[in-house]
Amino acid sequence: MAEVPAVGWPCASCTFVNTDLRRRTCAACRTRRAAPPPTKPRTKRKAEAPANTCGGYAARLSDYKHKGVTGLPETEDAPAVLEAKLARLVDMVRAADRVVVLTGAGVSTSAGLPDFRGPKGIWTLEDEAKKKKRKKARPPDLASISGASFEAVRPTFTHDALVALERAGALDFLATQNVDGLHRRSGFPRHKLGVLHGCVFTEKCETCGTEAFHDVDLGGVSFQPTGNACGTCGGAMRDTVLDWDDGLPPAEWGPAERAFGAADVCLALGTSLRIIPAADMPALAERFVIVNLQETPHDGAAALVVRARVDAVMERLCAALGVDVPRGGAP
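The structure presented is a predicted model; accordingly, all values stated were derived computationally and were not measured. (Residues numbered from 1 in each chain as written. Predicted model: local features only at pLDDT ≥ 70, side-chain atom pairs only at ≥ 80, totals over all residues. Heavy atoms only, no water.)

## So, the pattern of salt bridges
Taken as a whole and judged by the stated rule, the model has 11 salt bridges. Glu-211 is paired through a salt bridge with Arg-184; the nearest N and O atoms lie 3.5 Å apart. Residue Glu-211 is located in strand S7 (residues 211–213), and its partner Arg-184 is located in helix H7 (residues 182–186); the two are separated by 27 residues in the primary sequence. On the basis of relative accessible area, Glu-211 is assigned to the partly exposed category, the value being 29%. Judged by its relative accessible area of 24%, Arg-184 falls in the partly exposed class. For the salt bridge of Asp-299 with Arg-307, the shortest nitrogen-to-oxygen distance reads 2.5 Å. Asp-299 gets classed as buried once you look at its relative accessible area, which sits at 17%. Note on Arg-307: relative accessible area 11%, which makes it buried. (Salt bridge = Lys/Arg side-chain N within 4 Å of Asp/Glu carboxyl O. Helix = DSSP H or I, 4+ residues; strand = E, 2+ residues; numbered from the N terminus. Buried < 20%, exposed > 50% of the residue type's maximum accessible area, 1.4 Å probe, protein only.)

Below, the structure is given as structure tokens:
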């Protein structure tokens, strides 16, 4: 039997630390759901992923069989085709009175975080692992593709460009499916930001709703108590990261839905548009543009589909609009 560390060990269901030698899971997980059956422990592959990475985030989620299509090839438009599409994109944004943006994992890959459905994405490799397991082959090591830690990465050009566009009056609202907190770090105004799937750095008071944004991944999922007290009312703080079966918080979804419904143009940046209800948001706008290297289920309804890297597209868009993009995140 392996020796148990004196200071505790990771919970079998999340990334919190156990201190009770008799338990495999922490108190929060035992409150929300039963401990995993001893005959079906979490896989070693998931346990090897550092907790504060995309792989660790994936590992803390419940098992879910309906993640959708993964591993589709990535393609880029030919230079001449891209030039024509960028010119049209600039015209659309210039003519719009209200512009909104939906972001996915593709806006953070240049920061060092992997995506989830790309050729080497987290869910893609998870699907490959399951296939190899059936063939009794060695599955890929999730830790090796988990990328940099959430704490170490910094906003990309796209994150900073969205801040610059908002300050220039060219962007009305931003909704993100990402949990990495990079839009907050970039300085995007919170009242114009819908964090649809939660954030690994954010906890929220269950009593008064006060938020606290931290420098470290809180390690929770599905609104578990973090152990902290609210600085405003003393209430219990809970993590904000959604699990697969959790509904979108009305405080995030409501403002986003209203803003997208009133928009002339929506830009869907770096998202495969396969997780609902977020995937349906671009269609709420009068017209929407998809910027993604992979095809999406909504390509046919889009006014424009650009196959290019998001940073390159945003650089060209901001230059054409005369919007300067300072680098370095929030002042």
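Structure shown, so let's carry the discussion forward.
## Section: the sheet that holds strand S11 (residues 287–291)
The strand order across the open sheet formed by six strands is S5-S4-S3-S10-S11-S12, and the pairing between neighbours is parallel. Single-partner strands in this sheet number two, and they are strand S5 (193–195) and strand S12 (304–306). Taking each pair of neighbouring strands and ignoring which way they run, the sheet shows an average axis angle of 15 degrees. Where strand S3 (residues 99–103) meets strand S10 (residues 265–269), five bridges bridge the pair, whose relative direction is parallel. (Pairing = 2+ DSSP bridges. Axes fitted to C-alpha atoms, helices over the stretch in contact; angles between N-to-C directions.)

## Considerations on the confidence of the model for the chain
Of all residues in the chain, 79% have pLDDT values of 70 or greater, and the mean over the chain is 85. Within the model, pLDDT remains below 50 along residues 18–24, and this stretch shows 20 contacts once partners closer than five positions in the same chain are excluded. Ignoring residues within four places in sequence, the model shows residues 30–47, a span with pLDDT below 50, making 28 contacts including any to other chains. (pLDDT = per-residue confidence, 0-100. Contact = heavy atoms within 4.5 Å.)

## Here's the deal with the pairing of strand S6 (residues 202–205)
Inspection of the sheet shows S6 paired to S7 by three bridges, in the antiparallel sense. Bridging across to S7, Thr-202 finds its partner in Phe-213. Remark: five residues form the turn of the hairpin made by S6 and S7, two consecutive strands paired antiparallel; Gly-209 in that turn has positive phi of roughly 85 degrees.

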